[in-house]
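# Working through the structure, step by step
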Amino acid sequence: MKRIVARKFVSNAYRLRNLWRPFSNDAGPILSSSNAGNLGKESEDQQYDIAIVGGGMVGLAFACSLASGPLTKHLNVAIIDSNPALGRKHFIKKEDIPDPRVSTVTPATISFFKDIGAWHYVEQQRHAYFDKMQVWDYTGLGYTKYNARDADKEVLGCVVENKVLLSSLLTRTQDTDLKKKIYPSRLTSMLILPNSSSLEVDSTLSVSALFTHGRLAKLELEDGNSLYAKLVVGADGGKSQVRELAGFRTTGWNYSQNAIICTVEHTVENHCAWQRFLPAGPIALLPICDKFSNIVWTMNPKESSEFKSMSEDDFLKALNYALDYGYGPHPTSSLLGNADIFSWLKGDVSRSANDYFEIPPKVVKLASERMAFPLSLRHANDYASKRVVLIGDAAHTVHPLAGQGVNLGFGDASTLSSVISEGIAVGTDIGEVSLLKKYEADRKPANVMMMAVLDGFQKAYSVDFGPLNILRAAAFHGAHYISPLKKSIISYASGEQRLPVFS
């Protein structure tokens, strides 16, 4: 059994190492298009500095970041997305039941939203700050309590519905002076020709001439529109069309797990984030607002199908069972009485009542539909090529274990905007691969490290094996009782790019 576990860990560590391979500064591939010959009709074609493909949370955050930068706010931007909601302001009624699709945004993301002027719009709508979190194991061998004060922070994070984030970013984008046009369509083809070294770029050159000599990318849309851009930003999600058309290869694997999400209701307000590791995967209970919480429950596909279709009463029983005594006992503050095998970690530490294990609030009602989706890890081997760059899920998808996926995407948006500003400051073509690789060099190590941490957690808790259970419990106790380690973990999870080790 030990050999099987060891082989599994070594195999996946090797595969993750391949995600961070050295990148090349070679120009990107020449892309094919069925409409490559149609270079006329310039009156119908539009030229932009940047075309953002994907008007979701990360794409709009990038647009807001451009709008807030002194060197980027004058750029001409196209946003391509078939979502009809992007063409109008979206009003969310506070009396509506919270949507089950939520994100846990970190303090680093909150700071980014404040910088781009979007957090003000979030705070006007439904959201839930939390300053404490409890994580524990179904074996009852260990638990960890995190408090924002342990890392000198006001909050650990904020749970926000995705539609609130999207609405806030859209409103902020519309309220800026950024020159933008939204195309309610889908990208069908993209063509980028090699650079012509003999061409001297000036303002009198036609769009066709710039495209023919490799200074613009040409995009064809499903509705018949065509447009040109110096830079194409793929923010179109895990099944990115930009990534596919640009020929970016990916590395990754499926977890053979699904996540069930839903909104639930309590009789009391919930102000804590809860996560329990179960034999089939973690279950998280996250505050949304008032007496509502969000559930993210990881399990195998067969179980997810059963739990999604069972009656509400049966589902609530299973849910409370999973959050309480199900699968194993509660951890105790003195784990094994006077024979606590981890007492050496505690020393003479004195603890307040806030450090003791707590039972999550009971769920009394299912307030939304149950949704299920498969889990996977996927990473683009390159983030950038000539005139094309990937951000967000188009570049990387991760396990929802710690709610870090969209935060990584917002980090991408912030960094790419900064790199473009630096390029403009020195007169660099914003579509040049040498500039875009600076963004990749900054973001890829941070993203790969977070992916490795989350994948490691997923693997460590997917095996029920006595000695491994003891090691996991020791890790819980170490994080709970060793203050420098706890502070480093909180800082890393909050978006500070430091490894969760002693500092």
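What counts, and where the lines are drawn
- Residues numbered from 1 in each chain as written.
- Predicted model: local features only at pLDDT ≥ 70, side-chain atom pairs only at ≥ 80, totals over all residues.
- Heavy atoms only, no water.
- Axes fitted to C-alpha atoms, helices over the stretch in contact; angles between N-to-C directions.
- Helix = DSSP H or I, 4+ residues; strand = E, 2+ residues; numbered from the N terminus.
- Parallel < 35°, antiparallel > 145°, perpendicular 65-115°, else oblique.
- Left-handed = near helix turned anticlockwise from the far one by under 90°.
- Contact = heavy atoms within 4.5 Å.
- pLDDT = per-residue confidence, 0-100.
- Expected span 1.5 Å × (residues − 1).
- Buried < 20%, exposed > 50% of the residue type's maximum accessible area, 1.4 Å probe, protein only.
- Polar contact = N/O pair within 3.5 Å; in protein donor to acceptor, adjacent residues only side chain to side chain.
- Phe/Tyr/Trp six-rings, centres within 6.5 Å; stacked < 30°, edge-to-face > 60°.
- Lys NZ or Arg CZ within 6 Å of the ring centre and 35° of its normal.
- Salt bridge = Lys/Arg side-chain N within 4 Å of Asp/Glu carboxyl O.

Where helix H2 (residues 57-68) contacts helix H11 (residues 405-425), the two axes come as close as 9 Å, and the packing angle between them is 30°. In terms of orientation, H2 and H11 fall into the roughly parallel class. For H2 against H11, the interelement crossing comes out right-handed. In contact with Met57, Val58, Ala61, Phe62, Ser65 and Leu66 of H2, H11 contributes Val406, Gly409, Phe410, Ala413, Ser414, Leu416, Ser417 and Ile420.

Attention shifts here to the confidence of the model for the protein. Mean pLDDT over the protein stands at 83; residues scoring 70 or higher make up 76%. Long-range and interchain partners of residues 334-339, a stretch whose pLDDT sits below 50, account for ten contacts in this model, where long-range means more than four residues apart.

In an α-helix, one turn spans 3.6 residues, which is why side chains three or four residues apart end up on the same side. Spanning twelve residues, H2 covers 16 Å between terminal C-alpha atoms, matching the ideal 16 Å at 1.5 Å per step. The element H2 is largely enclosed, with a buried count of eleven among its twelve residues. Here H2 has its buried residues at Met57, Val58, Gly59, Leu60, Ala61, Phe62, Ala63, Cys64, Ser65, Leu66 and Ala67.

Right, let's talk about the side chain of serine 168 for a bit. For serine 168, the location among the structural elements is in helix H5 (residues 162-175). A distance of 2.8 Å separates a polar side-chain atom of serine 168 from the backbone oxygen of valine 164. Serine 168 has contacts with Ala118, Tyr121, Val122 and Gln125, leaving out every residue within four places of it along the chain.

Before going further, it helps to examine the packing of aromatic side chains. The geometry of an aromatic ring pair is captured by the separation of the ring centres together with the interplanar angle, meaning the angle of the planes. Per the stated rule, a full pass over the model turns up 13 aromatic pairs. Residues tyrosine 383 and tyrosine 439 carry aromatic rings whose centres are separated by 6.1 Å and whose planes lie at 45° to one another, so their mutual orientation is tilted. Of this pair, tyrosine 383 sits in the loop between strand S17 (371-380) and strand S18 (384-385) while tyrosine 439 sits in helix H12 (residues 433-460), and the two are 56 residues apart along the sequence. Judged by its relative accessible area of 0%, tyrosine 383 is buried. Taking the relative accessible area as the measure of exposure, tyrosine 439 reaches 0% and is therefore buried. One Lys or Arg, arginine 370, reaches over the ring of phenylalanine 315 and ends 4.8 Å from the middle of that ring. The residue whose ring lies beneath lysine 444 is tyrosine 383, and the NZ or CZ to ring-centre distance is 5.8 Å.

In total, this model carries 14 salt bridges according to the counting rule given. With its nearest N and O atoms 3.3 Å apart, the salt bridge here joins aspartate 49 to lysine 230. Of this pair, aspartate 49 sits in strand S1 (residues 46-53) while lysine 230 sits in strand S11 (residues 226-234); the two residues are 181 residues apart in sequence, bridging distant segments of the chain. Where glutamate 222 meets arginine 186, a salt bridge forms, and the shortest distance between an N and an O atom there is 3.5 Å. Residue glutamate 222 is located in the loop between strand S10 (217-221) and S11, and its partner arginine 186 is located in the loop between strand S8 (179-183) and strand S9 (187-191); the two are separated by 36 residues in the primary sequence. In this structure glutamate 222 comes out as exposed when scored by relative accessible area, which is 52%. If you follow the salt bridges from partner to partner, you end up with Asp382, Lys437, Glu440 and Lys444 in one network.

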